[in-house]
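Overview (structure and organization)
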Amino acid sequence: MYSNIIGFNPMLADITAAQPRPFGKEVEQYLQRYPDTEHVDIYLNDLNGQFRGKRLPVAELFALEKGCYFPLSIYAMDLAGQVIEESGLGQQAGEPDRLCLPVPGTLRPCARDPQHHAQLLLTMKNAEGEACELEPRVVLQQILKRLQAKGYYPVIAAELEFYLHDPQQQPAVTGQCPTQSFSVDAPERHHALLNDIELQARLQALPLTGVVAEAASGQYELNLHHSARVLEACDQVLALKRLTRQIAEKHHQHACFMAKPCAQSAGSGLHFHISLQDEQGNNLLTGAPGELSDNMQQAMAGMLALMPASMAILAPNVNAFRRFRPGMHVPLRASWGHNNRTVALRLPCADSANQRIEYRLAGADANPYLAVAIILGGLLHGLEQPLPLPPSTNGYENDSAAPLSLNQREALTLFRRCQPLRELLGPAFCTLWYTCKTAELRRFEGQVTAAEVSWML
Ligand SMILES: NC(=O)CC[C@H](N)C(=O)O
């Protein structure tokens, strides 16, 4: 909610990509630092950002330089880990494997047992040996390449909300959710646990800059420092989620990243602050004092134009749509405004060098690679095909901004029909997303819910 108040000076951001170390060297250095390592989890992040892979004895680590194999169907799994046959990647295709390679710089200790257990992110190749177009990380990478080809270097900072709760109880159980945003005393209740998160984040070189108590009991926000290494920043969001879950478990708590775990309490968002630099590190969104630059107007107009069709990615399941309720600091329309937490694109107070957009639509359960691909795709769309910026709005009363689709089926239909998104995210990926999410929704709708049973049995 309140991250980046210390400053978002894009001039400070290092726009050069990290020099990848040869993987063997990275392993050697890691094992010098953690000589007692016994195991490593190697993983890909699937469509839902879940970790899929296997645990290996550490001796296998060196051999990974040449790669290893996992089934392509990892990118066709639903939230329950079932392969969606309608994708055509499942058993009817024989569930073929693809080559996977380590992502340089992602060998980190695992928070569950940092001295003995490591983890490593992989990336998949397609049948031709190119980056796999169905992998969310690759979808974002392609958009970044297009931006860089035009001399645009985005800078992003993530804010991730979640609930801590007793595993025997629901998060923010009704009646126990006093409003306590900003409370500096609230974190005292979870002092040891939050300290542990910070410590493990340091060990994993995740730039955690702050922890904020949010609007409901047990709800917190984690702020990551802004970075021009956009892919790495998204890797870090997912690593931070895993770390937080593991640390919570150690403290006999549960960390919940559902978008709306409790109907009566605040939902959890994944907000991104976005800025744009040129090669010299100048902020390209900055305008004359009191004015919005052309770039800023075009970037926002592009994001707003793609927003209704983007909901299917930013709210990736039935529960994610429940977050969009009035009075919960959540946008309900494709809106923008100055210093306003009810709009989709918030322009925070900032001095001229730090002007940026806060994109507030994604839920905490959204895939960060895809959410950022949507945001930067919208920005690119706006810069390439300038559109007029609609008037700013100020709160829920003003209904001049375009409505957003607030149910998953409608959102998926808009997504399928949106040609610019198809072009930005790639047709193969868009077909996969639509197919998997439609099948997942059908599975959900085919169930009898606990509410029906308790009301009617
Ligand atoms: N931190 C805030 O601005 C509140 C955001 C709100 N919890 C959300 O769901 O997005």
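Residues numbered from 1 in each chain as written. Predicted model: local features only at pLDDT ≥ 70, side-chain atom pairs only at ≥ 80, totals over all residues. Heavy atoms only, no water.

Moving on, we come to the state of the cysteines. Within this structure, the stated rule accounts for zero disulfides. With no disulfide of its own, Cys-256 lies closest to Cys-262 among cysteine sulfurs, the gap being 10 Å. (Disulfide = S-S within 2.5 Å.)

Let us look at the packing of aromatic side chains. All chains considered together, the criterion is met by five aromatic pairs. Linked through ring pairs, Phe-162, Tyr-220 and Phe-257 together constitute an aromatic cluster. The ring of Trp-433 carries Lys-437 above its face, with NZ or CZ at 5.1 Å from the centroid. (Phe/Tyr/Trp six-rings, centres within 6.5 Å; stacked < 30°, edge-to-face > 60°. Lys NZ or Arg CZ within 6 Å of the ring centre and 35° of its normal.)

Another point: the environment of Ser-310. Along the chain, Ser-310 falls in helix 5 (residues 294–314). When the C-alpha positions of Ser-310 and Phe-162 are compared, they lie 23 Å apart, and in sequence the two are 148 residues distant. If we ignore the near neighbours within four places in the chain, the residues touching Ser-310 are Ile-374 and Leu-421. (Helix = DSSP H or I, 4+ residues; strand = E, 2+ residues; numbered from the N terminus. Contact = heavy atoms within 4.5 Å.)

Among the nonpolar cores identified, the biggest contains 129 residues, and Leu-140 and Leu-425 are the most heavily contacted of them. For this core, the element with the most residues is helix 5, which contributes 12 residues. Not counting residues within four places of it along the chain, the set of residues in contact with Leu-140 comprises Val-230, Leu-231, Cys-234, Tyr-369, Val-372, Ala-373 and Leu-376. Ala-172, Ala-216, Cys-262 and Ala-266 belong to the second-largest nonpolar core, a separate cluster that totals seven residues. (Core = buried A, V, L, I, M, F, W, Y, C linked by side-chain atoms within 4.5 Å. Buried < 20%, exposed > 50% of the residue type's maximum accessible area, 1.4 Å probe, protein only.)

Think of an α-helix as 3.6 residues a turn; residues three or four steps apart then line up on the same face. Between its terminal C-alpha atoms helix 3 (residues 191–203) stretches 19 Å, which fits the 18 Å expected from 13 residues at 1.5 Å a residue. Restricting attention to buried positions, one finds in helix 3 the residues Leu-193, Leu-194, Asp-196, Ile-197, Gln-200 and Ala-201. When helix 3 is viewed along its axis, its buried side chains cluster within an angular range of 155° and face the same direction. Packing partners of the buried residues in helix 3 comprise strand 7 (153–165), strand 8 (208–213), strand 9 (219–224) and helix 4 (230–250). With its phi angle positive at about 55°, Ala-205 sits one or two positions after the end of helix 3. (Expected span 1.5 Å × (residues − 1). Arc of directions from axis to C-beta.)

Turning our eyes to something else, we now look at the confidence of the model for the protein chain. A residue-level look at the protein chain finds 91% of positions with pLDDT of 70 or above and a mean pLDDT of 91. When the criterion is pLDDT under 50, residues 1–18 qualifies, and its contacts beyond four places in sequence or with other chains add up to 58 contacts. Two numbers describe this predicted complex: its pTM, 0.94, and its ipTM, 0.98. (pLDDT = per-residue confidence, 0-100.)

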